[in-house]
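# Summary of structural features
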Amino acid sequence: MAFSDRKSLIPSFLYSTASVNCSKNLSTALDNHHGCNMDSSPQPSIFPSSSPVKPFLIPAPKEGSGYKVEMYSPAFYAASTIGGILSCGITHTAVTPLDLVKCNMQIDPAKYKSISSGFGILLKEQGIRGFFRGWAPTLLGYSAQGACKYGFYEYFKKYYSDLAGPENAVKYKTLIYLAGSASAEVIADIALCPFEAVKVRVQTQPGFARGLSDGLPKFVKAEGAAGLYKGILPLWGRQIPYTMMKFASFETIVEQLYKHVIPTPKEQCSNTTQLGVSFAGGYLAGILCAVVSHPADNLVSFLNNAKGATVGDAVNKLGLWGLCTRGLPLRIFMIGTLTGAQWGIYDSFKVFVGLPTTGGAPPPAQK
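Each chain carries its own residue numbering, running from 1 in the direction its sequence is written. For a predicted model such as this one, the threshold for reporting local features is a pLDDT of at least 70, and the threshold for listing and counting side-chain atom pairs is 80 or more; totals across whole chains, interfaces and linings nevertheless cover every residue. To obtain the side-chain values, all non-hydrogen atoms of the structure were used and water was disregarded.

All right, on to the environment of Val315 then. Under the scheme used here, helices are H or I runs from DSSP no shorter than 4 residues and strands are E runs no shorter than 2 residues, and both carry numbers assigned from the N terminus. Checked against the element boundaries, Val315 lands in helix α12 (residues 311-325). Expressed as a C-alpha distance, the spacing of Val315 and Asn298, which sit 17 residues apart in the sequence, is 10.0 Å. Whether two residues are in contact is decided by their heavy atoms, any of which lying within 4.5 Å being enough. With residues up to four places along the chain from it excluded, the contact list for Val315 reads Leu320 and Leu323.

Here we take up empty space enclosed by the protein. In the cavity and pocket records, a cavity denotes points on a 1 Å grid over the protein atoms alone where a 1.4 Å probe fits but cannot get out, a pocket denotes an open set with protein on both sides within 12 Å along at least 5 of 7 lines, and lining residues are residues with an atom within 4 Å of a point. Grid points are joined across faces, edges and corners, and a volume is the space filled by probe spheres set on the points. Counted under the stated rule, the structure contains 2 cavities of 30 Å³ or more. Here the largest cavity is characterised by a volume of approximately 190 Å³. Lining the largest cavity are 21 residues, and of these His92, Tyr142, Arg238, Met334 and Ile335 sit closest to its centre. Mapped onto the lining of the largest cavity, the elements with two or more residues apiece are α4 (96-107), α6 (135-164), α8 (173-204), α10 (232-261), α11 (271-305) and α13 (328-352). Looking at the lining of the largest cavity residue by residue, the classes come out as 6 nonpolar, 6 polar and 9 charged. Any residue that is not Ala, Val, Leu, Ile, Met, Phe, Trp, Tyr, Cys, Pro, Asp, Glu, Lys or Arg is counted as polar, Gly included; the first ten are nonpolar and the last four charged.

Before going further, it helps to examine the confidence of the model for the protein. The predicted model of the protein has a mean per-residue pLDDT of 80, with 79% of residues at 70 or higher. What pLDDT reports is the predictor's confidence in each residue, on a scale of 0 through 100. Mean pLDDT across the secondary structure elements of the protein bottoms out at strand β1 (residues 57-59), with 36, and peaks at α6, with 96. Predicted confidence is poor over residues 1-67, with pLDDT under 50, and the contacts of this stretch with residues over four places away or in other chains come to 131 contacts. This stretch, residues 363-367, has a pLDDT under 50; its non-local contacts, to residues over four places away or in other chains, come to 7 contacts.

Okay, the nonpolar core next. Buried Ala, Val, Leu, Ile, Met, Phe, Trp, Tyr and Cys residues that are joined via side-chain atoms within 4.5 Å together make up what is termed a nonpolar core. Here the term buried applies to any residue with accessible area under 20% of the maximum for its type, exposed to any over 50%, and partly exposed to those in between, with areas from a 1.4 Å probe on protein chains only. Among the nonpolar cores identified, the biggest contains 18 residues, and Tyr150 and Trp343 are the most heavily contacted of them. Put simply, the parts of the chain that give this core at least two residues each are α6, α8, α10, α11 and α13. In terms of residue count, α10 provides more of this core than any other element does, 7 residues in total. Residues contacting Trp343, with those up to four places away along its chain left out, are Tyr150, Lys246, Phe247, Phe250, Ser278, Gly282 and Thr358. Listed in part, the 16 residues of the second largest apolar core include Val95, Met105, Ile121 and Phe131.

As a further point, take the pattern of salt bridges. The working definition used for a salt bridge is a side-chain nitrogen of Lys or Arg within 4 Å of a carboxyl oxygen of Asp or Glu. On inspection of all chains with the given rule, the structure shows 17 salt bridges. Among the ionic pairs, Lys158 bridges to Asp162, the shortest N-O distance being 2.7 Å. In this pair, Lys158 and Asp162 both sit in helix α6, 4 residues apart, roughly one turn of the helix. Here the residues in one salt-bridge network are Asp99, Lys102, Glu196, Lys199, Arg238, Asp297 and Arg331, joined through shared partners.

Structure representation (structure tokens):
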């Protein structure tokens, strides 16, 4: 497909054909905080450079001239937000059948004793269509969450890096990844929580509602609007550690892959190789995410399934070992695949609009 055809698929505000003229203040900021090696790192504000200062622009793929996305500009954050919508909305909706079985195993382990029997019971009782019950709140909820998760992560990562200064940003980069992802997830879960509450109720109580359109008003009528946020604390308890692990471990794994496994420096690798590294790093990070966040995931399912349920009720019924292990193998497979696909989609979109893939070994800090 020609680039002229491809660019029409992306909102025009993601690109600018006009040349960029830096003001004195912007030049000073770039001199203090930004590097100019476009290929070495997707985090130019963290690492200083001694090269002459110029606007940090990333050329769109296979582009000769014209369309460019400036790092940390409104267009950059818009691209990150759209990439987050695509990565989370598509992947979570695609694994709805796995999520449905997992939730029912957590809520009713006596009936749904294993993954295979769970699929068999759902198929027998609800047919093929039953495997996608709750897809609408899943699509909308995780699209909203992905927009905030990835968009705000890029924002907070730069913000905390600038606060730390160039030398400390390199030295404490993992802490910056953790702080940036945690801050982003607090906001993302506020967007997700109402949809998650309806999704769990629709998936685990047959007959409650067909989906979001009738499930949301029925839920609000039964428990009030505040009931949609009944699970916000366990959701934060699940998602914040999950996202901190997801982003920090991904950044670290990708850096180590380029340092010890890939024989070619990142800037010399093809887009296909870089996207393969993104998927592999995402899958490995997803396994760690699943283990860390699984007890809270069981709590979210339990609390959203029954009116008036408490954390104490969940512990008494499931036990501490049950909270940590029930449904875990399925969730490891689901979250590993999900996280790998999310990073693959997210970085594919970044490459599509002319941005570098996420992660990689940073240049050493200058002394």
